[in-house]
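Residues per chain, in single letters:
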Amino acid sequence: MKRPGRDDAPDRLYTLTGGRSGSGPDSPFDLVTLVVAESGPTVGMQSEHAAVLRLTQAPTAVVEVAAELGLPVSITKILLSDLLAAGRVSARHPRNSALPDPDVLEQVLVGLRNL
Amino acid sequence: MDSATSDVRTPLGATADNGLKIVVVGGFGVGKTTMVRSVSEIRPLNTEETMTRAGEAVDDTSEIRGKTATTVAFDFGRITLDERNVLYLFGAPGQERFWFLWDRLFSGTLGAVVLVDTRRIDDSWYAIDRLERHGTPFIVACNDFGGARHAHSDVREALDLDPQVPLIDCDARTRESSKEVLITLVQHIQSRYAGQRAHAAASPREFV
Ligand SMILES: Nc1nc2c(ncn2[C@@H]2O[C@H](COP(=O)(O)OP(=O)(O)OP(=O)(O)O)[C@@H](O)[C@H]2O)c(=O)[nH]1
Ligand SMILES: [Mg+2]
């Protein structure tokens with residue numbers, strides 16, 4: 001199994017992200033933010049960006065993108081921030097609040113019972 | 001066998017728009033991955049978060065280049081609840097040194113399942129303490145590894161468990177049992193928040 005961040009040379013991660021910061025505390029992405037491609041990959045696009053766009057043709061959580069790409073979550077968020085800024089993906093953020101919506105809790109219960 | 005790359009992906013429906021989180025936490029080998037697998041619609045996937053010593057997610061590769069970063073692996077599965085809601089289940093190691101991972105996983109989490117092996121109860125103390133402090137709703141599920149059954153009262157006492165916190169037995173290898181664990185957790189979350197809402201309604205600040 002590929003263990004990015006451990007086996008990968010740090011230089012590869014550095015190249016992927018341009019050494020930039022982008023997933024700090026104000027990152028818009030939660031682990032379960034669902035990412036959806038707004039366009040397909042284009043020729044000459046950075047290969048990880050192209051891979052994200054292929055993966056997210058259907059809504060895909062940030063954590064799934066990370067697992068499928070074999071990259072740490074934090075690096076994945078940087079890639080996603082780039083794509084979001086370029087309008088190539090959209091993000092469906094979890095409807096979180098301090099107190100979960102009772103309707104959502106009921107939907108969770110119904111969904112679990114139907115499993 | 002877990003793998004970072006699945007051969008066949010099961011995509012979500014196009015209308016999915018709300019990701020929800022539940023964390024399964026517990027000591028080494030207590031059955032976290034087994035529980036995630038038994039209810040997940042995808043083969044559990046594995047990924048990792050890289051953190052600095054200070055517990056901040058690494059957002060700058062200079063941290064990775066230096067020696068200050070630690071990497072923690074966690075696995076997760078997925079349950080499509082309906083056309084909009086998707087539940088992600090995270091299995092997280094329960095040892096104290098992983099606290100920074102949980103604080104990230106717990107933020108915005110509906111609640112947590114603390115998986116306990118009654119032969120190694122002390123493995124769960126730290127996780128429970130942390131969840132209580134964090135205010136994350138949780139239940140305790142005792143995974144059945146055979147051997148003598150422990151009376152719930154003994155387990156509660158050993159864990160110094162709040163009487164409100166549900167304690168149930170489970171077999172993480174079966175879907176029905178794991179499903180029951182999750183249902184118990186969600187019902188507990190419902191009653192906890194119903195109490196909080198009633199409390200908020202009883203102090204009508206908006207009308208002052
Ligand atoms: N008898 C019994 N065995 C179980 C149960 N749940 C899990 N196991 C077994 O216990 C072993 C460890 O289970 P895992 O799911 O890998 O445990 P884990 O908590 O993910 O382990 P780590 O991630 O290594 O900490 C496996 O061999 C499982 O088949 C259970 O309910 N009963
Ligand atoms: Mg495991």
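Residues numbered from 1 in each chain as written. Chains lettered and ligands numbered in written order. Predicted model: local features only at pLDDT ≥ 70, side-chain atom pairs only at ≥ 80, totals over all residues. Heavy atoms only, no water.

Draft legend 1. Summary view of the overall build of chain A. Looking only at helices and strands, chain A features five helices and three strands. Reading the helices (α) and strands (β) of chain A from amino to carboxyl end gives α-β-α-β-α-α-β-α. Within chain A, the proportion of its 115 residues that are buried is 53%. Carbon and sulfur atoms make up 51% of the accessible area of chain A, which totals about 4900 Å². (Helix = DSSP H or I, 4+ residues; strand = E, 2+ residues; numbered from the N terminus. Buried < 20%, exposed > 50% of the residue type's maximum accessible area, 1.4 Å probe, protein only. Areas by Shrake-Rupley, 256 points an atom, 1.4 Å probe, with all protein chains shown as cover.)

Draft legend 2. The arrangement of the sheet that holds strand S3 (residues 89–92) of chain A in detail. All names here are of chain A. Spatial strand order, S2-S1-S3: three strands in an open sheet with antiparallel pairing. Edge strands, defined here as strands with exactly one partner in the open sheet, are strand S2 (60–61) and S3. Summarising the sheet, strand S1 (residues 34–37) and S3 pair through four bridges and their orientation is antiparallel. Within the sheet, the bridge partner assigned to Val36 lies in S3 and is Ser90. (Pairing = 2+ DSSP bridges.)

Draft legend 3. Representation of the confidence of the model for chain A. Residue and element names in this part refer to chain A. Looking at chain A, pLDDT values average 84 and 76% of them are 70 or higher. Between residues 1–9, whose pLDDT stays under 50, and residues either more than four places distant or in other chains, the model counts 23 contacts. Below pLDDT 50 for its whole length, residues 21–25 participates in twelve contacts with residues either more than four positions away or in separate chains. (pLDDT = per-residue confidence, 0-100. Contact = heavy atoms within 4.5 Å.)

Draft legend 4. Layout of the nonpolar core. Formed by 42 residues in total, the largest nonpolar core has its most connected members in Tyr88, Phe90, Leu105, Phe138 and Val140 of chain B. Ranked by residue count, the leading element in this core is helix H3 (residues 99–106) of chain B, at five residues. The contacts of Phe138 of chain B, once residues within four sequence positions are left out, are Ala112, Val114, Ile128, Leu131, Glu132, Leu161, Val165, Pro166, Leu185 and His188 of chain B. Membership of the second largest hydrophobic core comes to 31 residues, among which are Leu105 of chain A together with Leu115, Leu182 and Ile183 of chain B. (Core = buried A, V, L, I, M, F, W, Y, C linked by side-chain atoms within 4.5 Å.)

Draft legend 5. Highlighting the environment of Val86 of chain B. As for its position among the elements, Val86 of chain B is in strand S4 (residues 85–93). Separated by 66 residues in the primary sequence, Val86 of chain B and Leu20 of chain B have C-alpha atoms spaced 6.1 Å apart. Those residues in contact with Val86 of chain B that lie beyond four places of it in its chain are Leu34 of chain A together with Leu12, Ala16, Asn18, Gly19, Leu20, Arg78, Ile79, Thr80 and Leu81 of chain B.

Draft legend 6. The environment of Ser81 of chain A, seen in detail. Residue and element names in this part refer to chain A. Among the structural elements, Ser81 can be located in helix H4 (residues 73–85). Accessibility expressed as a relative area gives 19% for Ser81, which makes it buried. When the C-alpha atoms of Ser81 and Ser27 are compared, they prove to be 8.0 Å apart, with 54 residues separating the residues in sequence.

Draft legend 7. Inspection of the state of the cysteines at higher detail. All names here are of chain B. Tallying each qualifying case throughout the model produces zero disulfides over all chains. With no disulfide of its own, Cys170 lies closest to Cys142 among cysteine sulfurs, the gap being 7.7 Å. Of the residues examined, Cys170 reaches a relative accessible area of 4% and is grouped as buried. (Disulfide = S-S within 2.5 Å.)

Draft legend 8. Just the site of ligand 1, in detail. Residue and element names in this part refer to chain B. Neighbouring ligand 1 are 14 residues, the closest being Lys32, Thr33, Thr34, Asn143 and Asp144. The contact in question runs from a nitrogen atom of ligand 1 to an N or O atom on the side chain of Arg173, over 3.3 Å. Coverage of ligand 1 by the protein amounts to 65% of the 650 Å² it exposes when considered alone. A per-element tally of the shell around ligand 1 places helix H1 (residues 32–39) first, with three residues. Across the shell around ligand 1, the residue classes tally to four nonpolar, six polar and four charged. (Near = heavy atom within 4 Å. Polar contact = N/O pair within 3.5 Å; in protein donor to acceptor, adjacent residues only side chain to side chain. Nonpolar A, V, L, I, M, F, W, Y, C, P; charged D, E, K, R; others polar.)

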